[in-house]
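Working through the structure, step by step
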Amino acid sequence: MKFRTRIAKRARRPAALVNGRRPPRPAASGRRRPPGPAAKAWVARDRKVLSPSLTRSYPLVVARASGATITDVDGYRYLDFTSGIAVTSTGHCHPDVVDAIIRQAKLLIHMSGTDFYYPSEIRLAEQLVALTPGRHAKQCFLANSGTEATEAAMKLARYATDRPYFISFLGGFHGRTYGAMSLSASKPVHKEGFGPLVPGVFHVPYADCYRCSYGLKPDSCNFHCVRVIEEELFARTVPPEEVAAIVVEPIQGEGGYVVPPDGYLAALKALAGKYGILLMVDEIQTGMGRTGRMWGCDHDGVVPDLMMTAKGIASGLPLGAMIADARLMRWPAGAHANTFGGNPIACEAALVTLRLLTDGLIENAAAVGRYLLDRCRELQARHRLVGDVRGRGLMIGLDLVCDRDRKTPAVEERNQVIQRCFERGLLVLGCGRSVLRLAPPLIITRRQVDDAVAVLDEALNTVERRAQAG
Ligand SMILES: Cc1ncc(COP(=O)(O)O)c(C=O)c1O
């Protein structure tokens, strides 16, 4: 009885939003909007004890979540187009994932794969080597996060090739630990005050065809940005025989959801192959079906020498993986290891996640992703703020610009749209300088896409009106 009363009470709270059935209505003035009092109180407590380096865009304090819906501590409900930064691939608290977690927690929580064996870690590694591109023998190193997967790949690339240098890309992001941070080049704040970084990393422009560093067009440039690596970098600065790996994201994530043209990864792979350089592909955000295929590099039919993945792999449990050609894995016992990597509960969650992805969620990501892309292009046609819409599967970015000719990033406007969406019950994040990133869970439906687009439409209208008035 008590339980029912609480539910009813919660249902009477002001719904910030958006569930599948009715289109979101603009809140009348004076009507309550998030954050509510409980969220404000939690944020005040958080400020006292958590690191100010965290990057919260709005005061969402989550109480619980299910599928693509989040409920905050005041009872407001939101549609989640962030997936907790592209992590909850199967939706929040998918019942099969929850069951697997509970089952495993009753059997074994930890024993450390570094010093001991247990079946879940071995079964997951078997699945990963089978699912990654290429039929050759591969081996895995399991970690707890994307950045650790990157560190492992960086160390293995140097060890296996006996070469010191890396080539990575402007706009790239590979993590926050020293090696990964040194490979990254998306925002100065990531590095400011932390030098010296790991030496031997050369950054070159990515295939960002919306804002091409060379002012060229993709249909006529003949991959100028790849040729420059050979014709300029190798010819003047770095002997290619000393480069261990080219490190690349199939779509730049943190850097602004930048989608390179078809054939770009294949061109990098050909260049790398010519000089015995490894291709190290960062699938931490693009992997696990997010782009409508299992891996981002599948769109180009490229087989990486080393691959990193994390984020969506275990539906929210911390897990990262580095998968490499077995011929590279020649490092001896003790050369690289950790305490928690390949935790049995995380591995079981990953095994269920992989099953759900291959049983239909990747197909859903491709189909609903196409629909979302089309709906975003309609927004672009209606809103002058939207300069570019790009993406694959459910990894879609709207690049907001002050004027379409100069493509001046509309940074403040982008932040206002994110804030307005939050107030109206849609959770989105930014990336790059002025990009709205849409990364819903792979279970998302067309109806939820319609709800989200309606909120985005209203938010863009509001911000455009404000900009005109101001
Ligand atoms: C492409 C890419 N690589 C690496 C990372 C780092 O992953 P983690 O935050 O799990 O360390 C991220 C995280 O955003 C990412 O998007």
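Please read all numbers here as calculations on a predicted model, not as lab measurements.

**Observations regarding the site of the ligand**
Close to the ligand lie 15 residues; Ser145, Gly146, Thr147, Ile284 and Gln285 are nearest. It is helix H6 (residues 146–161) that contributes the most residues to the shell around the ligand, three residues altogether.

**Focus: the packing of helix H4 (residues 95–107) against helix H10 (residues 344–382)**
Contact geometry for H4 and H10: axes closest at 9 Å, N-to-C directions at 150°. Judged on the interaxial angle alone, H10 and H4 are roughly antiparallel. H10 is crossed by H4, and the crossing has right-handed handedness. Contact residues: Asp96, Val97, Ala100, Ile101, Gln104 and Ala105 in H4; Pro344, Ile345, Glu348, Ala349, Val352, Thr353 and Leu356 in H10. A class-by-class count of the residues in the contact of H4 with H10 yields nine nonpolar, two polar and two charged.

**Describing the domain arrangement of the chain**
Taken domain by domain, the chain consists of domain 1 (2–94 + 360–469) and domain 2 (95–357). Among the secondary structure elements, those contributing two or more residues to the side of domain 1 that touches domain 2 are helix H3 (83–86), H10, strand S11 (386–392), strand S12 (395–400) and strand S15 (435–438). When residues of the side of domain 1 that touches domain 2 are assigned to their parent elements, the largest contribution, five residues, is made by H10.

**Thoughts on the packing of helix H11 (residues 411–423) against helix H12 (residues 446–469)**
Where H11 contacts H12, the axes come no closer than 9 Å and their chain directions differ by 135°. As summarised for this structure, H11 and H12 are arranged oblique, according to the angle between their axes. By crossing handedness, the relation of H11 to H12 is classed as right-handed. Across from Glu413, Gln416, Val417, Arg420 and Cys421 in H11, the residues of H12 making contact are Val455, Leu456, Ala459, Leu460, Thr462, Val463 and Ala467. The residue inventory of the contact of H11 with H12, partitioned by class, reads eight nonpolar, two polar and two charged.

**Some remarks on the sheet that holds strand S4 (residues 138–143)**
Sheet strands pair via backbone hydrogen bonds, and the direction of the pair is either parallel or antiparallel. Spatially, seven strands are ordered S4-S10-S9-S8-S7-S5-S6 in an open sheet, and the strand pairing comes out mixed. At either end of the open sheet lies a strand with only one pairing partner, and these are S4 and strand S6 (201–204). This sheet shows a mean twist of 20° between the axes of neighbouring strands, independent of strand direction. Of the pairings in the sheet, the one linking strand S7 (residues 243–248) to strand S8 (residues 278–282) comprises four bridges and is parallel in character. Each residue of the ladder has a partner; that of Ile246, found in S8, is Leu279. Its contacts with the sheet put helix H5 (residues 119–131) on S4 and strand S10 (320–325), and the angle it makes with S4 is roughly 125°.

**Side note on the sheet that holds S12**
Strand order in this open sheet of four strands is S11-S12-S15-S14, and the pairing throughout is antiparallel. A strand with exactly one partner marks an edge of an open sheet, and here the two such strands are S11 and strand S14 (429–431). Here the strands of the sheet are splayed against their neighbours by 30° on average, with no regard to which way each runs. Note: S11 against S12, six bridges, orientation antiparallel. Residue pairing in the sheet places Arg392 in a bridge with Met395 of S12. The strands touched by H10 within the sheet are S11, S12 and S15, with S11 carrying the most contacts at an inclination of about 175°.

About the cut-offs
Residues numbered from 1 in each chain as written. Predicted model: local features only at pLDDT ≥ 70, side-chain atom pairs only at ≥ 80, totals over all residues. Near = placed C-beta within 6 Å. Helix = DSSP H or I, 4+ residues; strand = E, 2+ residues; numbered from the N terminus. Axes fitted to C-alpha atoms, helices over the stretch in contact; angles between N-to-C directions. Parallel < 35°, antiparallel > 145°, perpendicular 65-115°, else oblique. Left-handed = near helix turned anticlockwise from the far one by under 90°. Contact = placed C-beta atoms within 7 Å. Nonpolar A, V, L, I, M, F, W, Y, C, P; charged D, E, K, R; others polar. Domains from an automatic or database assignment. Pairing = 2+ DSSP bridges.

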